[in-house]
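As a plain string of letters, each chain reads:
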Amino acid sequence: MKLENTISQVTRVWLEIFGMWPNSSCIFLRRIFWVVALIFEQVGQYQYIIMHLYSTEISELMNHLSAAMSFTLFCIKLVVFWYKQRTFKRLLVMMAIDWEKCFNEEVHIFATTNNVKLSQRFANMTVVLFSIAVILYSSNILHTGTDKTSNASITQPLILEMELPFHYNRRFVYELVIIAQFFHLWLCSCAIGLLNALLINLILHVSGQIDILREWVMKIFSKEKGRGASLFMIKKAIRKHQKIITFSEHIEDLYSNIAMALFVSDTLIICCLGFIMVTSIGTSDAARIIIRTVLFYFVINMEAFIFCFAGEYLSAKSQSIGDAAYDTCWYDSYSTANRIIPFLIMRSQNQLTITIGKVTNLSLERFTNIIRVSASYVSVLLAMY
């Protein structure tokens, strides 16, 4: 089985770095490293927020809080993927099997290849976009670097403000800390984006398999065949439908809890970033703050949109199976064959979807709820500001 054909190489490299790719080398050591690094980073960030809760301007506090919550969400994603390692491996194996079968049926290889290429382009675009966001978010170091005074007692700013257990005012130590923070932020940010790209990859694979199933159903009950519908092909289509349902259930199992954490955290992060940009308007540092924040705000919105769009797209695609079966000439076939079609239609009416912690379905309506609630929180904060 060719697993390298199912997931883009960029996504696979990042999954291996963070110990999420099944059967990768030194997976336990990689997980231990990231557990220690992320715990150290999260403790330092939240400790800084608590210690400067009343001494820092509210806009800066919102900035630190949004960064800390983004890393908290990433920690949740990591833990879920580590815990659901077997589910993720089943998804990869099923994708590899479907890929191999496409070579035996050359008609379907083009649709599958197009979905893979689209997933690869999206993964590459994600890395570029998140890399630019990290560079812009780190631009505050360049700004403050021009305003440094000769007083060595002044605490120099960090990319991610946190309480460190050592003094970093010395130039060499400070530069090492900045470099370490930049690469840590870049790796984690790209991993956050590529986990979203992985969801798109999985959804596009399901979409391709649904298109293949719809084509089978249309051919089985076409006008040319009339009553000659093959019972063997009908059973093959039913088995294909069952595999699609199983695959989507694995996606739901892998991303459901992540969607719950994302729905809560992204609402608060979007609120914080929106408040920062609105309050910065009219100040002397408005341009610097907006340039630093606007792409961060965009990628957080994009993350929420990707999850909601994936759920909406999967539901619409699963419903199209029943529509395709209903539009065929199934009524002209023998009774042994056409009796199966109503069951296929009824089963497809139970839409495949991704839920938010088994509570509600992900859809574009949920995305509008996130934006609306975030805007409401911003208005409340502005009234209190």
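Each chain carries its own residue numbering, running from 1 in the direction its sequence is written. With pLDDT at 70 or above as the cut-off, local features in this predicted model cover only qualifying residues; side-chain atom pairs require 80 or more to be listed or tallied, and sums for whole chains, interfaces and linings still use all residues. Hydrogens and water molecules were not included; the side-chain quantities draw on all heavy atoms of the structure.

### Points about the pattern of salt bridges
Throughout this description, the term salt bridge denotes a Lys or Arg side-chain nitrogen within 4 Å of a carboxyl oxygen of Asp or Glu. Counted under the stated rule, the structure contains nine salt bridges. The closest approach of N and O atoms between Glu175 and Arg171, which form a salt bridge, is 3.1 Å. With Glu175 and Arg171 both in helix α7 (residues 171-220) and four residues apart, the pair spans about one turn of that helix. Classification of residues uses two cut-offs on accessible area relative to the type maximum, computed with a 1.4 Å probe and protein chains only: under 20% is buried, over 50% is exposed, and between them is partly exposed. By relative accessible area, which is 37% here, Glu175 ends up partly exposed. Each member of the salt-bridge network shares a partner with another, and the members are Asp211, Arg214 and Lys317. Helix and strand definitions follow DSSP, with helices as H or I runs of at least four residues and strands as E runs of at least two, each counted in order from the N terminus.

### Things to note about the packing of α7 against helix α9 (residues 286-326)
Following both chains from N to C, one finds α7 and α9 inclined at 10°, their axes separated by 10 Å at the closest point. Our classification of the angle between α7 and α9 gives roughly parallel. Asp, Glu, Lys and Arg are counted as charged, while Ala, Val, Leu, Ile, Met, Phe, Trp, Tyr, Cys and Pro are counted as nonpolar; the rest, among them Gly, fall into the polar class. Tallied by class, residues from the contact of α7 with α9 come to 17 nonpolar, four polar and four charged. Interaxial angle, 0 to 180 degrees, is taken between N-to-C directions of lines fitted to C-alpha atoms, where a helix line uses only the stretch in contact. Orientation categories follow fixed angle ranges, with anything under 35 degrees roughly parallel, anything over 145 roughly antiparallel, 65 to 115 roughly perpendicular, and all other angles oblique.

### A look at the packing of helix α1 (residues 9-17) against α7
It is the contact of α1 with α7, at a shortest axis distance of 10 Å, that shows an interaxial angle of 125°. Of the possible angle classes, the one that applies to α1 and α7 is oblique. For α1 against α7, the interelement crossing comes out left-handed. The segment α1 lies against α7, with Val10, Thr11, Trp14 and Leu15 engaging Trp186, Leu187, Cys190, Ala191, Leu194, Leu195 and Leu198. Tallied by class, residues from the contact of α1 with α7 come to ten nonpolar, one polar and no charged. Helix crossings are classified by the rotation of the near helix relative to the far one: an anticlockwise turn of less than a right angle makes the crossing left-handed, while a clockwise turn makes it right-handed. Contact between two residues is taken to exist if any of their heavy atoms lie within 4.5 Å; hydrogens are not considered.

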